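# Coordinate inspection notes
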Amino acid sequence: MAEREFGRGGPRVPVIGQGTWGIDAGPRDQAVAALRAGLDAGLTHIDTAEMYGGAEAIVGEAIAGRRDAVFLVSKVVPDHATRAGVVKACEASLGRLGTDRLDCYLLHWPGRHPLAETIAGFEDLKAAGKILAWGVSNCDVAELDEALKIAGPGVIACNQVLYHLGQRAIEHAVIPWCRANGVAVVGYSPFGSGSFPRPATTGGRVLAKVAARHRTTPYAVALAFLTRLEGVFTIPKTARADRAVENAAGAALVLDRDDLMAIDAAFPRGTQPRSLPML
């Protein structure tokens with residue numbers, strides 16, 4: 001399983017992890033089994049959030065007895081992101097997850113509360129040992145600049161952002177900023193939230209051709225492409241154990257120059273948007 005440093009001086013983490021947005025929509029036992037299958041396959045980075053309904057409790061059940069092997073991330077909603085609110089929200093998440101700590105805690109997206117308050121709450125949690133690192137999500141360069149000014153260099157662990165073959169906006173400015181400042185980039189919804197290229201489309205045919213060459217799946221090819229850049233991670237979500245194992249294959253797949261050029265041509269990144277896309 002390919003790993004990278006998660007933030008400047010941070011632990012080494014698998015480039016492919018497991019997302020949990022919507023994982024509580026189906027049978028709980030299947031969701032737990034999928035997460036455990038992913039862990040068995042090396043997908044030890046699990047991302048969740050207080051906003052994800054019952055997902056935190058499902059994750060807690062899945063990681064019971066193996067917490068030390070998991071890089072666990074959750075997120076606070078902006079409405080809770082005052083200094084005291086961050087601490088209260090984190091403690092509630094820890095209770096649902098059945099753990100005493102998070103490896104990383106994120107602000108889910110920029111909100112109305114001053115970022116300095118949120119960061120102060122994160123630092124309080126770090127001092128108490130309840131989180132080991134903190135980061136942000138859905139932040140563009142302007143918000144990242146603000147966070148860096150408040151926190152100082154080498155403190156922000158990651159920025160979690162939308163990133164899939166059809167939405168490569170972060171390649172223009174966000175990824176370069178994060179690379180320059182030692183901030184990990186975690187791409188969410190790598191399969192496009194239901195818009196993964198269909199086999200009959202031009203892009204679908206390109207992915208199928210590359211997959212056939214490597215004896216793998218188009219999904220693994222997509223994950224390998226999205227994690228081709230240093231410092232970038234991705235967190236596909238699935239409630240199927242067999243799909244979790246298939247996702248893990250993307251971390252071992254090395255795409256050659258021809259593969260990368262073909263995929264890049266089929267899914268051009270386009271021009272830089274005026275605002276950062278998010279879900």
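Residues numbered from 1 in each chain as written. Predicted model: local features only at pLDDT ≥ 70, side-chain atom pairs only at ≥ 80, totals over all residues. Heavy atoms only, no water.

Helix and strand content of the protein chain: 10 helices and nine strands. Its C-alpha atoms give the protein chain a radius of gyration of 18 Å, near enough to 19 Å, the size a compact globule of 279 residues would have. Each of the three principal axes of the protein chain carries a C-alpha extent, and together these read 50 × 40 × 30 Å. Burial status across the protein chain gives 52% buried among its 279 residues. Considering only residue pairs separated by 6 or more positions, the protein chain has 77% of its internal contacts joining residues 24 or more positions apart. Within the structure as shown, the protein chain displays about 11,900 Å² of accessible surface, and the carbon and sulfur contribution to it stands at 53%. Taking the 30 positively charged and 29 negatively charged side chains of the protein chain as two groups, their mean positions are separated by 5 Å. (Helix = DSSP H or I, 4+ residues; strand = E, 2+ residues; numbered from the N terminus. Rg over C-alpha atoms; globule rule 2.2 N^0.38 Å. Buried < 20%, exposed > 50% of the residue type's maximum accessible area, 1.4 Å probe, protein only. Contact = heavy atoms within 4.5 Å. Areas by Shrake-Rupley, 256 points an atom, 1.4 Å probe, with all protein chains shown as cover. Lys, Arg positive; Asp, Glu negative; His and termini not counted. Charge placed at Lys NZ, Arg CZ, Asp CG, Glu CD.)

With that settled, consider helix α3 (residues 83–97). Helix length check: α3 (15 residues) gives 22 Å between terminal C-alpha atoms against 21 Å at 1.5 Å per residue, within 8%. All of the buried residues along α3 are Gly-85, Val-86, Ala-89, Cys-90, Ser-93, Leu-94 and Leu-97. On its buried face, α3 is in contact with α2 (55–63), β4 (71–76), β5 (104–107) and α4 (115–127). Looking one or two places after α3, you find Gly-98, whose phi comes out positive at around 70°. (Expected span 1.5 Å × (residues − 1).)

What follows deals with unusual backbone geometry. Of note in this structure, Ser-189 is not a glycine but carries a positive phi near 55°. In this structure Ser-189 comes out as buried when scored by relative accessible area, which is 12%. Of note in this structure, Arg-215 is not a glycine but carries a positive phi near 55°. Here Arg-215 is to be found in the loop between α7 (202–214) and α8 (218–226).

Moving on to the nonpolar core. Ranked by internal contacts, the top residues of the largest apolar core, which has 69 residues, are Tyr-105 and Ile-263. Of all the elements, α8 adds the most residues to this core, at six residues. When near neighbours in sequence (up to four residues on either side) are disregarded, Tyr-105 contacts Ser-74, Lys-75, Val-76, Val-86, Ala-89, Cys-90, Phe-122, Leu-125, Ile-131, Ala-133, Trp-134 and Gly-135. One finds Phe-6, Val-13, Leu-162 and Ala-184 within the second-largest nonpolar core, a separate group that totals 15 residues. (Core = buried A, V, L, I, M, F, W, Y, C linked by side-chain atoms within 4.5 Å.)

This part covers the environment of Val-183. Tracing the backbone through its elements, the reader meets Val-183 in the loop between α6 (174–180) and β8 (184–188). Taking the C-alpha atoms as reference, Val-183 lies 25 Å from Ala-220; in sequence the two are 37 residues apart.

Below, the discussion takes up the pairing of strand β7 (residues 156–162). For β7, the tally of buried residues reaches seven of seven residues, placing the bulk of the element in the interior. Looking at chain direction, strand β6 (residues 134–137) and β7 are connected through three bridges and run parallel. Bridging from a neighbouring strand, Ser-137 pairs with Gln-160 of β7. A crossover links β6 with its parallel partner β7, the connecting element being helix α5 (residues 141–151), and its sense is right-handed. Note that β7 and β8 share five bridges and pair parallel. Along β8, the bridge assignment pairs Leu-162 with Tyr-188. Once the chain exits β7 it traverses α6 before rejoining the sheet at β8, and the crossover so formed is right-handed. (Pairing = 2+ DSSP bridges. Right-handed = clockwise from strand over helix to strand, strands pointing away.)

Turning to the sheet that holds β4, a few remarks are in order. Spatial strand order, β3-β4-β5-β6-β7-β8-β9: seven strands in an open sheet with parallel pairing. Two strands bound the open sheet, and with one partner strand each, they are β3 (45–47) and β9 (232–234). Averaged over all pairs of adjacent strands, the angle between strand axes in this sheet comes to 25°, irrespective of strand direction. Seen against the sheet, α5 touches β6 and β7 and runs at an angle of roughly 165° to β7. (Axes fitted to C-alpha atoms, helices over the stretch in contact; angles between N-to-C directions.)

So, about the packing of α7 against helix α10 (residues 257–266). Direction vectors running N to C along α7 and α10 enclose 165°, while the axes themselves pass 9 Å from each other. Put simply, α7 runs roughly antiparallel to α10. The two elements α7 and α10 meet at a crossing, and its hand is left-handed. On α10, the residues touching Gly-203, Val-206, Leu-207, Val-210, Arg-213 and His-214 of α7 are Asp-259, Ala-262, Ile-263 and Ala-266. (Parallel < 35°, antiparallel > 145°, perpendicular 65-115°, else oblique. Left-handed = near helix turned anticlockwise from the far one by under 90°.)

On to the packing of aromatic side chains. In total, this model carries eight aromatic pairs according to the counting rule given. Site record: aromatic cluster; members linked through ring pairs are Phe-6, Phe-71 and Phe-233. The aromatic ring of Phe-225 is capped on one face by Arg-228, whose charged end is 3.9 Å from the ring centroid. A cation sits over an aromatic face here: Arg-243 above Tyr-219, 4.6 Å from the ring centre. (Phe/Tyr/Trp six-rings, centres within 6.5 Å; stacked < 30°, edge-to-face > 60°. Lys NZ or Arg CZ within 6 Å of the ring centre and 35° of its normal.)

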